[in-house]
Amino acid sequence: MQPFSLLPDRDAYRIKLPSQTGSRLLSVARTAIGLVVAGLMVGPALAANAKAYVGNFKDSTVSVIDTAVGSVIATLPVAAGPDGIVITPNGATVFVSGSGASTVSVIDAATDRVTQTIEVGKDPQGLAVSPDGRLLLVAVNTDDRVAFVDIAARTVTGTVALAKPHTIAIRPDGRVAYVAAQEPGHFALVAIDLTTRMVISTVALDKPPRDLEFGFDGKALYFTMAGVNAVQVLDPMSDKIVAEIPTAESLVCRCDTLCSQRHATARRNASRATPLDLSAGARASA
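Here goes a summary of the coordinates provided. The shown structure was predicted, so the numbers you read here are calculated from the model rather than taken from an experiment. (Residues numbered from 1 in each chain as written. Predicted model: local features only at pLDDT ≥ 70, side-chain atom pairs only at ≥ 80, totals over all residues. Heavy atoms only, no water.)

Quick word on unusual backbone geometry
Now for step 1: If you check the backbone angles, Asp 144 has positive phi at about 55 degrees while not being a glycine.
Now for step 2: Inspection of the secondary structure assignment puts Asp 144 in the loop between β13 (135-140) and β14 (145-150).
Now for step 3: The class of Asp 144 is partly exposed, set by a relative accessible area of 30%.
Now for step 4: Notably, Asp 239 is not glycine yet its phi reads approximately 55 degrees, a positive angle.
Now for step 5: Structurally, the position occupied by Asp 239 is in the loop between β22 (230-235) and β23 (240-246).
Now for step 6: The exposure class assigned to Asp 239 is buried, which follows from its relative accessible area of 18%. (Helix = DSSP H or I, 4+ residues; strand = E, 2+ residues; numbered from the N terminus. Buried < 20%, exposed > 50% of the residue type's maximum accessible area, 1.4 Å probe, protein only.)

Here's the deal with the packing of aromatic side chains
Now for step 1: This structure, assessed with the given rule, holds one aromatic pair.
Now for step 2: Relative to Phe 214, the ring of Tyr 178 lies with its centre 5.8 Å away and its plane at 75 degrees, an arrangement referred to as edge-to-face. Of this pair, Tyr 178 sits in strand β17 (residues 176-181) while Phe 214 is found in strand β20 (residues 209-214), placing the two residues 36 residues apart along the sequence. Each member of the pair Tyr 178 and Phe 214 is classed as buried. (Phe/Tyr/Trp six-rings, centres within 6.5 Å; stacked < 30°, edge-to-face > 60°.)

Comments concerning the pairing of β23
Now for step 1: The pairing of β22 with β23 spans six bridges and is antiparallel. Counted as the bridge partner of Ala 230 is Pro 246 from β23.
Now for step 2: Turn length for the β22-β23 hairpin, with the two strands adjacent in sequence and antiparallel, is four residues, and the turn residue Asp 239 shows positive phi of about 55 degrees. (Pairing = 2+ DSSP bridges.)

A look at the side chain of Thr 103
Now for step 1: Inspection of the secondary structure assignment puts Thr 103 in strand β10 (residues 103-108).
Now for step 2: Excluding residues that lie within four positions of it along the chain, Thr 103 makes contacts with Ala 79, Val 96, Ser 97, Gly 98, Thr 117, Ile 118, Glu 119, Val 120, Gly 121 and Pro 124. (Contact = heavy atoms within 4.5 Å.)

A closer look at the environment of Gly 133
Now for step 1: Structurally, Gly 133 is set in the loop between β12 (124-129) and β13.
Now for step 2: Each C-alpha atom, one on Gly 133 and one on Pro 89, is 5.8 Å from the other, the two residues being 44 residues apart in sequence.
Now for step 3: Setting aside its immediate chain neighbours within four residues, Gly 133 contacts Pro 89 and Ile 151.

A word on the pairing of strand β21 (residues 221-225)
Now for step 1: Where burial is concerned, most of β21 is hidden: five out of the five residues are buried.
Now for step 2: In β21, alternate side chains face the same way, and those of Leu 221, Phe 223 and Met 225 on one face and Tyr 222 and Thr 224 on the other are all buried.
Now for step 3: The pairing of β20 with β21 spans four bridges and is classified as antiparallel. Looking at β21, one finds that Glu 213 is bridged to Tyr 222.
Now for step 4: Between β20 and β21, which pair antiparallel in sequence order, lie six residues; one of them, Gly 218, sits at a positive phi of approximately 80 degrees.
Now for step 5: For β21 and β22, the ladder comprises four bridges, and the chain directions are antiparallel. When the sheet's bridge partners are listed, Leu 221 is paired in β22 with Leu 234.
Now for step 6: Hairpin geometry of β21 and β22 is characterised by an intervening segment of four residues between the two adjacent antiparallel strands and by a positive phi of about 80 degrees at Gly 227.

This is a description of form; function is not addressed.
So this is what it looks like as structure tokens:
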């Protein structure tokens, strides 16, 4: 996954993308995506024809952006309330969950057409794809379960019971997934063994966890909590919070895809971007 930063401006969201000669900015008008960026993923290569997919929550569509020219080249109707967006490691397929529906939309990245919908259960939210591209995990919030989808077969092959799952992160080795569980009074990060499909540990929290992302080497899990002005750092070996990175305000949305081995970008409701230096454990200069 290529790094990016979301930099809100008064009239547009500016997406900072890397290139071989440095970084460059892509602007997306606020009127084109409504008030909230529901999901943004960038394809695996910033070469010719690379594209970005932006979920438009209010319109129940996904905008496809040609990053070379910085313009929308297609707008696709998807399941109501696009929430999670993920791309397979080979860049061939985009999955979009519809939190106002019970399905995940499947987009062919070559043709930019919705080719299929997968029934997964009520209110699917966060998505995660295994590193080998074979498995899609879906946080089915209302049905209190995590669904396992065989990507080749495009069908649910199993579930794990888990109260109010919200977002998911898979460890880079593909063996374990952590899920942000938001059951009132029982907020937690829940670890699932992806081979046995069983819960193997639970980290109790005093506030609702929002988004979570593994570092590039899997040695740290970064996550946000509602009402906490910091990104939390969890050691997956001990399941202990070992550090926190202060931010300007409470991050109640998602901690965006890790930008590199050392940097991440966190945001609050797409209204402000906060660059973080993971090695220093502090906010980085913009």
